[in-house]
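Remarks on the overall topology
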Amino acid sequence: MIILNRVAAVKGGACARGQAAILMLLGIALSTGTVVQAQAQEPDASQGIQEEQPVQGAEISSPSDGEPIGPEGAPEGVQEQEASQGIELNPIVVEGDEPSPAAPPVRSARGTAPIQTAVPAPLPEPEPEGVERSTFGGEPTAYSPVEGYVATRSATGTKTDTPIMETPQSISVIGVEQMQDQGVQTLQEAVRYTPGVFADGFGLDTRNDYAIIRGIPAAYFIDGLQTQVVSGSNSNTIQIEPYALERIEVLRGPSSMLYGATSAGGIINGVSKRPTLEPFAEAGIDYGSFDFKQVRGDVSGPISEGSDWYYRITALGRRADTQVDYVDNDRFMIQPALSYRPDADTDVTFIANFRKDDGGSVQQFMPQAGTLYPNINGRIVPRDTFTGEPGDYYNTEQQSGTLLIDKTFNNKLKFHSGTRYTHTENEYDSTLPAPLTPARFSILNSPFANLLGTDLVIPDYAPFLDASQEEVARVRFVSNTETEVFNQDAYLTGEINTGRINHEITGGVDFMSFKEESSRADSLDNLLTSTSVNPGVVPAAEAAAFAQAYPIALAQIPSFVPPATAQALATQFANDYVAGLGINRQSVLQLAGYPGFQKNFNLYNPSYGPSDYQVDLGTFSPVDPNNLTLRENPTERQYQTGVYLQDQIRLGNWIGILGIRQDWVNIGFEGSPDTHEQATSGRAALMYEFDAGWAPYITWSQSFTPQPGQIVSDELFVRTNARAATPREGEQIEVGLKIQPDGSRFGLYMSAYQLTEENLVVSPDTLFETLIGAEVEAKGFEIEAIGNITDELKVIGAYSYTDAKYTDYPDPLGIKIGTQREGAPPHLASLWGIYTFSRGWLEGVSIGGGVRYIGEIEDVAVDITTGQRLEVTTPSVTLFDASLAYETDNWRWAVTAQNLEDTYYVLSCTAFRGDCAIGQARTVIGSATYKF
């Protein structure tokens, strides 16, 4: 009823939000209580309305809490508001004897008039910061904006609008206010202060989002529908734009019972901005480091006065360079949304999103020597070094349409449907340092070693080509990818009671269709250079030529010539023949089918421009770099259908969840038989909610993740049993404690877990060969404290311990078993705080700062050709962030800084590839936002 009355109020003229109307509404609220509360409680006609008569010696009290009302008993702040708004209250006269008889209610053509009393009803307590307000204008929901830092409700953990304190699984919510305070520009930046999340799994990257949850790469959703589908290509997705989202929710642990094929580590779900009940608009500009220029706008409200239709348009345009030379970060995004809300029980929302990203790869995959530690000459590669070609690109266009339908049939039955179609086109041309390990050099050299008896390329300096550790070979990736994804998820939620037990049962079916058409070419450049080609190939080639010429010459000498003389003559002839050939390294390359030397590429003095030819990695033949032929990959199709049933159970303070799901997955590649997979996923949880706001819980859940497009073997160097990869499967047990007293602006959340995932696909340092059968076990615990310490001070504190190790590995040497999984730092810690002055000459000023600690990461591998153990440790790093803002009723001016000290650091150095990801440089962005 509250929502219905507020909708009616809007239809009656809320669009004309003039100052007089606002003052009048506020005056009514101060003198009679909120209008919607009075309208929602229609009096019984038989009782009528009692008029308040003065009673001698009586004390007038608030009907809600019994406290006296008057100049000294008014709620705090009411007197100030009365004075500021010019509201006059009728005096209270305390005299008289008996109340008058009941009078019948006064009715108008529109129904019962609001109840009028001689004593003004008290103002309701203002919503504390950290409590969401519905975009529809009613109570907070799982899709509402988050005011402050503490969200109270979410649908990501159950698919129903459930209080977070009643969700027995780890979940964190990042709202717009937190993202604004921290100057967030990417999804990875948004989750940096979230426990259990290694936000920058491979450092700064402008191509895709790559966060790691509990040691396992995350899955990505928007509005409960998956956005990144695992396929045979790594370029079928686009970064999620935070400005288009109302909130970002991180659900840690397996969740296949709800979402089907997902990561065992967890999911990141973005909730789109939706049309608002009241008119709202903002426009902003941003400018910062690396010539970052951005304009953005967001406008919403009813289409017209009294309309059931509401709109929202969110848009962003960016032209920007990056910390790496020749790499852009340009973006255009527009997200129009339209909602139909004829009543409080019906909401039909359509959200379109159009994106165009033009950029490249910020990650340059630099060798360890020169990034993790100085090279042999004590040099470090500058952070802005670009190892590709100035014309490289990673360009993506995406269009999507989402239809969300919510219908409440009665208080106990609700229907939800989410449907999305997404079309994505990606063009990718990037040249990067080739990760040439000794084993990979051995594979590349093997044809020449068999022919000449020596290596063509010197492998001694891998991954470099020279003793000074400055020259590298480069690998070029060119691909065109087009994908179409159709998602649909529909479910009914109903409430039933069995005795004292309340059941909220959700049953549904979801479907996903995925189609990908792609083509690709891979080639090597700067490998066969004057530095790298082995001088030993010349005598080896001369020996080979001599071996061919000598028997021919000997056969031509007459038989009457003495043998010793004949041999001497044949030797002389063969030597003259070999000398006449003029064998040198270039001629050896030409003999092998290559035109000659390729260009040298020096990391510390790059000379751009491709060589005259590149080596095709599919055929090892020379190709023209200006006319590469892309190989068409077989068209890939995936279909997934899931049926699920969930029961949210409540008995007093006990809360339980039981759920089960069955999925059927069909994966097909054109020209090959389809692969059929099915999986059953379960979930069970138990929680006890103490009245004081404490809620301990235990939960068990499962996951599965198909691995399409990956042909694997069970044993190294044995391709006779090559087959399609089977899905990864995960299972987790988690115990936790949530503390957030009712209405509190501060929450404390703790959890401990044990997680396993098996059937992982790995590549133990061989060229393009993959094996299946790895298993990871992760144990850890997480702590998150978030909210208001005082009215002016908001904080976020998080700590995570993750012990993710291989318990099985398809490596014949077994060296990885018991070692840490790459990209999974055992320790992560962060602390963010922001103080806002609420009075005095600094009123409206906010000063914030944060510190992030990323623990050291170890990785172990083995060189297959030598058996040498390879170890690398990425050191820990501590980074500092800061913000300064000034906000008025209409304006907000802000400056944010990330990596304030401009620390040069690396992330996730790999042992088997030998490369490192370079972290984000100091990034300072200033912004101005006008709200109207």
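Residues numbered from 1 in each chain as written. Predicted model: local features only at pLDDT ≥ 70, side-chain atom pairs only at ≥ 80, totals over all residues. Heavy atoms only, no water.

A look at the confidence of the model for the protein chain
Quick note on the threshold: A residue's pLDDT is simply how confident the predictor is in it, with values from 0 to 100. Working rule for contacts: check all heavy atoms of both residues, and any pair within 4.5 Å makes them a contact.
Confidence in the prediction for the protein chain averages 83 pLDDT; 83% of positions are at 70 or higher. Of the regions scoring below 50 in pLDDT, residues 1-133 engages in 162 contacts with residues more than four places distant in sequence or in other chains.

Remarks on the state of the cysteines
The following threshold applies: Disulfide: a pair of cysteine sulfur atoms within 2.5 Å of each other. A 1.4 Å probe rolled over the protein chains alone gives each residue an accessible area, and that area as a share of the maximum for its type sets the label: buried under 20%, exposed over 50%, partly exposed in between.
A complete count under the given rule lists one disulfide for this structure. Each sulfur of the disulfide joining cysteine 909 and cysteine 916 lies 2.0 Å from the other. Of note, the bridge from cysteine 909 to cysteine 916 carries an S-S torsion of about 115° and is right-handed in sense. This pair shows no difference in class: cysteine 909 is buried, exactly as cysteine 916 is.

Thoughts on a nonpolar patch on the surface
How we decide: The patch calculation keeps residues exceeding 30% relative accessible area without a salt bridge and links them within 9 Å when they carry like charges or within 5 Å when they are nonpolar (Val, Leu, Ile, Met, Phe, Trp, Tyr). We get accessible surface area from the Shrake-Rupley algorithm with a probe of 1.4 Å; when it comes to residues, only the shown protein chains can shield them. Salt bridge, as used here: a side-chain nitrogen of Lys or Arg that lies within 4 Å of a carboxyl oxygen of Asp or Glu. In this text, helices come from DSSP runs of H or I with a minimum length of four residues, and strands from runs of E with a minimum of two, each type numbered from the N-terminal end.
A contiguous nonpolar surface patch, about 510 Å² in accessible area, is contributed by Leu651, Trp654, Leu686, Ile698, Ile733 and Val735. Inspection of the secondary structure puts valine 735 in strand β32 (residues 728-739). Overall, valine 735 belongs to the partly exposed group, its relative accessible area being 38%.

Observations regarding the environment of alanine 549
Relative to the elements of secondary structure, alanine 549 occurs in helix α9 (residues 537-556). Look at alanine 549 and you get buried, because its relative accessible area is 7%. For the pair alanine 549 and tyrosine 577, spaced 28 residues apart in sequence, the C-alpha separation works out to 7.3 Å. The residues contacting alanine 549, other than those within four sequence positions of it, are Ala574 and Tyr577.

Let's talk about helix α10 (residues 563-581)
Where we set the bar: Helix span, expected: 1.5 Å multiplied by one less than the number of residues in the helix. By construction, the arc corresponds to the directions joining the helix axis to the C-beta atoms.
The first and last C-alpha atoms of α10 sit 27 Å apart over 19 residues, in line with the 27 Å expected at 1.5 Å per residue. Listing the buried residues of α10 in full gives Ala566, Ala570, Ala574 and Val578. One face of α10 carries all of its buried residues, which in axial projection span an arc of 100°. Along α10, the residues that are exposed and aim more than 90 degrees away from the buried face are Ala564, Ala579 and Gly580.

What to know about α9
For α9, which comprises 20 residues, the first-to-last C-alpha distance of 29 Å matches the rise-based estimate of 28 Å (1.5 Å per residue) to within 8%. Buried residues of α9: Val537, Val538, Ala540, Ala541, Ala545, Ala549 and Ala553, and no others. On its buried face, α9 is in contact with α8 (438-452), α10 and α11 (585-591).

Comments concerning the pairing of strand β11 (residues 245-252)
This is how it is decided: Strand pairing follows a simple DSSP-based rule, namely that at least 2 bridges must link the two strands.
Within β11, eight of the eight residues are buried, which leaves the element mostly enclosed by the surrounding structure. Where strand β5 (residues 171-175) and β11 come together, five bridges link them in antiparallel fashion. Note that in β11 the partner of isoleucine 174 across the bridge is isoleucine 248. Pairing of β11 with strand β12 (residues 266-272), which is carried by seven bridges, proceeds in the antiparallel orientation. Bridge assignment links glutamate 249 to a residue of β12, and that residue is asparagine 269.

A closer look at the nonpolar core
Nonpolar side chains tend toward joint burial in soluble globular proteins. Quick note on the threshold: What is meant by a nonpolar core is a set of buried Ala, Val, Leu, Ile, Met, Phe, Trp, Tyr and Cys residues, joined one to another through side-chain atoms within 4.5 Å.
Residues Leu456, Leu524, Leu527 and Leu528 are the most contacted members of the largest nonpolar core, which totals 28 residues. At the level of elements, α8, α9 and α11 are the ones that each hand at least two residues to this core. With five residues, the single largest contributor to this core is α9. Apart from the residues lying within four places of it in its own chain, the contact partners of leucine 524 are Ala434, Leu444, Arg474, Val475, Gln598, Gln614, Val615 and Leu617.

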